[in-house]
Amino acid sequence: MYIELLEKINSKQAKIGVIGLGYVGLPLAVELAKKGFTVTGLEVDSKKVENINNKKSYIGDIQTKDIAELVDAKKLCATTNFKAISKLDVIIICVPTPLRKSKDPDVSYIVSATKEIKENLQNGQLIILESTTYPGTTADLVLPMLEETGLKAGKDFFLAFSPERIDPSNKKWTIANTTKVVGGICKKSTELTAAVYGSFTTVHKVSSTQTAEMVKLLENTFRAVNIGLVNEVALMCDRLGLSVWEVINASATKPFGFMKFTPGPGIGGHCIPLDPHYLSWKLKTLNFYSRFIELAGEINSKMPEYTVEKLACALNEKAKPIKNSKILVLGVTYKKDVADLRESPALDVMTLLVKKQAKLSYYDPYIGSLKIDSKEFKSEKNINNISKYDAVVILTDHSAIDYKTVVKKSKLVFDTRNATEQIKSPKVVKI
């Protein structure tokens, strides 16, 4: 059974299913299909399924022409019918793993996907979990559910974890050239998983699913803690009357022992604000408290409030209160050049400004509309009339925005991303 599946994978005859066609699942499905596998996307969102089958992409990093070519070649399709799992050789789970309001892990999407697999599980299948989660999820949650079928892992089916490493809008490091970490519940599971991902990138094998799960949490906790550190340095520099950007750029000239991180109005996206809490939660169940994670989370979560306070100070210098001031936010997505609002700190800043009764508007070329406290906002069509605003706040530094024009036409620019680094003007205030 193992040899047969391995041969299928190596010859590209294995039929692969990807559960969840979001920012992680769709790029993975496309890459596997490009390498010659026949890939079926399994998705509860019928609109996404319709888009794929109609040869359209809904994710910026994936070109519509690539979807069209793969659909025409019958290498890619999508369905809402999870019974299709029974006809597949490899099933990869790429579903969301959010946090509850209590900051406890919400693995309900993983459980739902596993139930669908359980109901359609066949001898000789390989199941891979990619969704970020706490160490032990694959072995302690997914494995027992699948073995309730009577089939045994390592003998009748195979199971592994491989953390996703997608960085939206990153042109240098893509799914095709970023190493995949893989860890199975047995050696055969690891080898099979390595064969799947080895078809399009390099693979690093680890000893267990728990290790692979921990790898992902370390990667994003590392980023969260260092962002927390540099955000605190920004607060220090503000008190000392120094430019944090000058300090960071000077420090970055050191070719060893320093890695450049930058401050901002908060942290966003589907990983950094969430993943460290998965690790923190798991450790609390073992009576271990991760002080670095908690402190970094505390600092990062206060940055939107600090941003609004500093904006208020800048407006005060112009004899303007925030209340009734016309404020334009530039960029609302969680990072530059992506159409993704997940956990964006811009939403927190905008919420605070609405509560302070600012006359708020925004411009973002990627987001046409959004809601703040049940109130709908629509993006300005352009920034030609930027001079009518009392302040322009750069919260996301999209490449498409002409910041020289922004500074030239604005009364006051509050730059939280150092987008105006090359522009010298007394109208610019930075975080």
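This structure is a prediction, so every number in the text was calculated from the model and none was measured.

Would you explain the overall build of the chain in this entry?
A tally of regular secondary structure across the chain gives 14 helices and 15 strands. Its C-alpha atoms give the chain a radius of gyration of 24 Å, within 12% of the compact-globule value 22 Å for 431 residues. Here the C-alpha coordinates of the chain stretch approximately 75 × 50 × 45 Å along the principal axes. By the burial criterion, 52% of the 431 residues in the chain qualify as buried. The long-range share in the chain, meaning contacts at least 24 apart out of those at least 6 apart in sequence, stands at 67%. In the chain, 61 positive and 47 negative side-chain charges are present, and the distance between their average locations comes to 4 Å.

Where do I start with the sheet that holds strand S13 (residues 391-394) in this structure?
In a beta sheet, neighbouring strands are held together by backbone hydrogen bonds and run either parallel or antiparallel to one another. With parallel pairing, five strands are arranged side by side in an open sheet as S10-S9-S13-S14-S15. Two strands in the sheet have a free side with no partner beyond their single neighbour: strand S10 (359-363) and strand S15 (428-430). In this sheet, neighbouring strand axes are inclined to one another by 20° on average, regardless of whether the strands run parallel or antiparallel. Relative to S13, strand S9 (residues 326-330) runs parallel, the two sharing four bridges. Residue pairing for S13: Leu 328 is matched across the bridge by Val 392.

Please explain the sheet that holds strand S6 (residues 158-161) as it appears in this structure.
Ordered in space as S3-S2-S1-S4-S5-S6-S7-S8, the eight strands form an open sheet in which the pairing is mixed. Unpaired on one side and paired on the other, strand S3 (76-79) and strand S8 (203-205) mark the two borders of the sheet. Averaged over all adjacent pairs, the angle separating strand axes in this sheet is 25°, with direction ignored. Across three bridges, strand S7 (residues 180-184) lies against S8 in parallel orientation. Its bridge partner being in S8, Val 182 is matched across the sheet by Lys 205. The sheet strands contacting helix H7 (residues 187-197) are strand S1 (15-19), strand S4 (90-93), strand S5 (126-129), S6, S7 and S8, and the helix crosses S7 at an angle near 155°.

What exactly am I supposed to notice about the environment of Val 338 here?
In this fold, Val 338 is placed in the loop between S9 and helix H13 (345-355). Each C-alpha atom of the pair Val 338 and Ala 73 lies 29 Å from the other, and the pair is 265 residues apart in sequence. Look past the residues within four positions of Val 338 in its chain and what remains in contact with it is Pro 168, Ser 169, Thr 333, Tyr 366 and His 398.

The rules we used
Residues numbered from 1 in each chain as written. Predicted model: local features only at pLDDT ≥ 70, side-chain atom pairs only at ≥ 80, totals over all residues. Heavy atoms only, no water. Helix = DSSP H or I, 4+ residues; strand = E, 2+ residues; numbered from the N terminus. Rg over C-alpha atoms; globule rule 2.2 N^0.38 Å. Buried < 20%, exposed > 50% of the residue type's maximum accessible area, 1.4 Å probe, protein only. Contact = heavy atoms within 4.5 Å. Lys, Arg positive; Asp, Glu negative; His and termini not counted. Charge placed at Lys NZ, Arg CZ, Asp CG, Glu CD. Pairing = 2+ DSSP bridges. Axes fitted to C-alpha atoms, helices over the stretch in contact; angles between N-to-C directions.

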